[in-house]
Amino acid sequence: NSCTLCGQCTVVCPNGFDMAHVCHIARQNMVSTDKMPLAPHEFALLDMMFSNGDAFLARPQPGFETCRYLFFPGCQAAAIAPETVKAAYLDLCARLDGGVSLMLGCCGAICDWAGRYEMEGQTREFLDRELSKLGDPVVIAGCPSCAKELKTHEGIPVRGIWDVLLELGLPAGAHGMDRPVALHDSCGARGDAETQAAIRTIASQLGCELIETPYSGDRSPCCGYGGLTAYANREVATEMTQQCLERTDAPYLSYCMACRDRFARQGRESRHLLELVYGTDAGAPPDISEKRRNRLVLKNDLLRELWLEEPLEMKLDYHLTFTDEARALMDERMILTDDVIAVMNAFRETQEAVFDSESNLLVARKRIGNATFWVKFTRDGEDSYTICGAYSHRMNVVKRNG
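Notes on the structure in this doc start here.

Rules used in this analysis
- Residues numbered from 1 in each chain as written.
- Predicted model: local features only at pLDDT ≥ 70, side-chain atom pairs only at ≥ 80, totals over all residues.
- Heavy atoms only, no water.
- Pairing = 2+ DSSP bridges.
- Helix = DSSP H or I, 4+ residues; strand = E, 2+ residues; numbered from the N terminus.
- Axes fitted to C-alpha atoms, helices over the stretch in contact; angles between N-to-C directions.
- Left-handed = near helix turned anticlockwise from the far one by under 90°.
- Contact = heavy atoms within 4.5 Å.
- Nonpolar A, V, L, I, M, F, W, Y, C, P; charged D, E, K, R; others polar.
- Patch = residues over 30% accessible without salt bridge, like charges linked within 9 Å, V, L, I, M, F, W, Y side chains within 5 Å.
- Areas by Shrake-Rupley, 256 points an atom, 1.4 Å probe, with all protein chains shown as cover.
- Salt bridge = Lys/Arg side-chain N within 4 Å of Asp/Glu carboxyl O.
- Phe/Tyr/Trp six-rings, centres within 6.5 Å; stacked < 30°, edge-to-face > 60°.
- Buried < 20%, exposed > 50% of the residue type's maximum accessible area, 1.4 Å probe, protein only.
- Lys NZ or Arg CZ within 6 Å of the ring centre and 35° of its normal.

**Focus on the pairing of strand 14 (residues 384-393)**
Bridge count for strand 10 (residues 319-322) against strand 14 is four bridges, and the pairing is parallel. Bridging across to strand 14, His319 finds its partner in Ser384. Note: strand 13 (residues 371-381) against strand 14, nine bridges, orientation antiparallel. Each bridged residue has a counterpart across the sheet, and for Thr378 the counterpart in strand 14 is Thr386. Between strand 13 and the antiparallel strand that follows it, strand 14, lie two residues.

**Observations concerning the sheet that holds strand 5 (residues 158-160)**
Two pairing modes exist for strands in a sheet, parallel and antiparallel, and in both the strands are linked by backbone hydrogen bonds. A sheet is described by the order of its strands in space; here five strands give the open sequence 1-3-2-4-5, paired in mixed fashion. Every other strand in the sheet has two partners, leaving strand 1 (57-59) and strand 5 as the edge strands with one partner each. Going from strand to strand, the sheet's axes swing by 25 degrees on average, the running direction of each strand aside. In this structure, strand 4 (residues 138-141) lies alongside strand 5, joined through three bridges in parallel fashion.

**What to know about the packing of helix 5 (residues 82-95) against helix 15 (residues 288-305)**
The geometry of helix 5 relative to helix 15 is characterised by a closest axis approach of 10 Å and an angle of 35 degrees between their N-to-C directions. Considering only the axes of helix 5 and helix 15, their crossing is right-handed. The residues of helix 15 that touch helix 5, namely those facing Pro82, Val85 and Lys86, are Asn294, Leu298, Asp301, Leu302 and Glu305. In the contact of helix 5 with helix 15, the residues fall into four nonpolar, one polar and three charged.

**Focus on a nonpolar patch on the surface**
There is a patch of nonpolar side chains on the surface, built from Val11, Val12 and Tyr215 and spanning about 230 Å² of accessible area. Its location among the elements puts Val11 in helix 1 (residues 8-12).

**Some points on the packing of aromatic side chains**
Evaluation of the coordinates by the stated rule reveals eleven aromatic pairs. Ring geometry for Tyr225 and Tyr231: centres 6.1 Å apart, planes at 70 degrees, overall edge-to-face. Residue classification places Tyr225 among the buried positions, given a relative accessible area of 11%. Owing to a relative accessible area of 18%, Tyr231 belongs among the buried residues under this scheme. A connected cluster of aromatic rings, assembled from ring pairs, spans Phe43, Trp113, Tyr225 and Tyr231. Sitting over the face of the ring of Phe43, Arg292 holds its NZ or CZ atom 6.0 Å from the ring centroid. In this arrangement the basic side chain of Arg327 is found over the ring face of Phe322, its NZ or CZ atom lying 3.9 Å from the centre.

**Points about unusual backbone geometry**
Despite not being glycine, Asp34 shows a phi value in the positive range, around 60 degrees. The residue Asp34 is located in the loop between helix 2 (19-32) and helix 3 (42-51) in this model. A relative accessible area of 72% places Asp34 in the exposed class. The backbone of Leu308 sits at a positive phi, close to 55 degrees, despite the residue not being glycine. Its place among the elements puts Leu308 in the loop between helix 15 and strand 10. Residue Leu308 is classed as exposed on the basis of its relative accessible area of 73%.

Structure below.
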């Protein structure tokens, strides 16, 4: 589970040994024989289900019933740079004939990386049904990994947005960076010379001065996100990110939003190619709760602005404040704001909590799925609380009488 499945070793190895394939089929075999625990990949799989559930959106361009094209930005783009996704979609709608549908969701690469082949098949069927409803359009992928995954679907024509931009030309306001940048090639584009060349052409048209680092192109290392390594073995994934950044001290330019996010988290100036194309800036990397919120906000904003639909939104009847320390702990421990809210809802219903006399904090809990979540908080008023910390265990707490 520490393998990123990126395929770099196969390219670098003089004999082409494909360790990624070995690890991939090993995961599938362990899943099929019930020997693969869910724990290493559960958060990522649930996040994928969120992308294809609450945050999912599939609509034809306003004024069209079916469209010639469909923009599929990918779940990480919607989570990390929603304004960039919106700008790209509006640009495609304005400059492509025949209409452009939009699909916000996950391509299914996550369950493939986890070896969950049955779940991947279900995701494939789900996406195929949604694409069929939209008239089986040409898919314009905003992510090289999404493009790679979607190309495995039978009968679905897939293009990268980089190819479309080369044909249409860059929109007004596109600009490069004012200093040399290191181009990082995505694992999803390994072996795809056309995509790698298209990205370099667009970067040149933007006026970027590119630094070709050691181990670029097909030999490029993984940022640490691929293969779900960042979930299964955070320390190894962090070392991978750091090794990527050791190639140069320059800012990094990528065309995968997960790469952009990983590099920014290590403190390196990091931009995505589409941010330069559309003059947007995603800013500091969002935490895991902000990523989910970004997907929902993007979906709801587009429903209001383009399709004139008013989405249903849940509002709390009490107020929560989070300390900076709590937010940092939640991100590190992969605890969502929604998990904390579920615990606080349970506390407000049962009033069950433990008082920690050393910290003067109340501690409440709730089992969600396979884990029990604990939240440390203060009661600031009848309907106001400050969250000071949170943690979780894969355990079940049984309440006994007597």
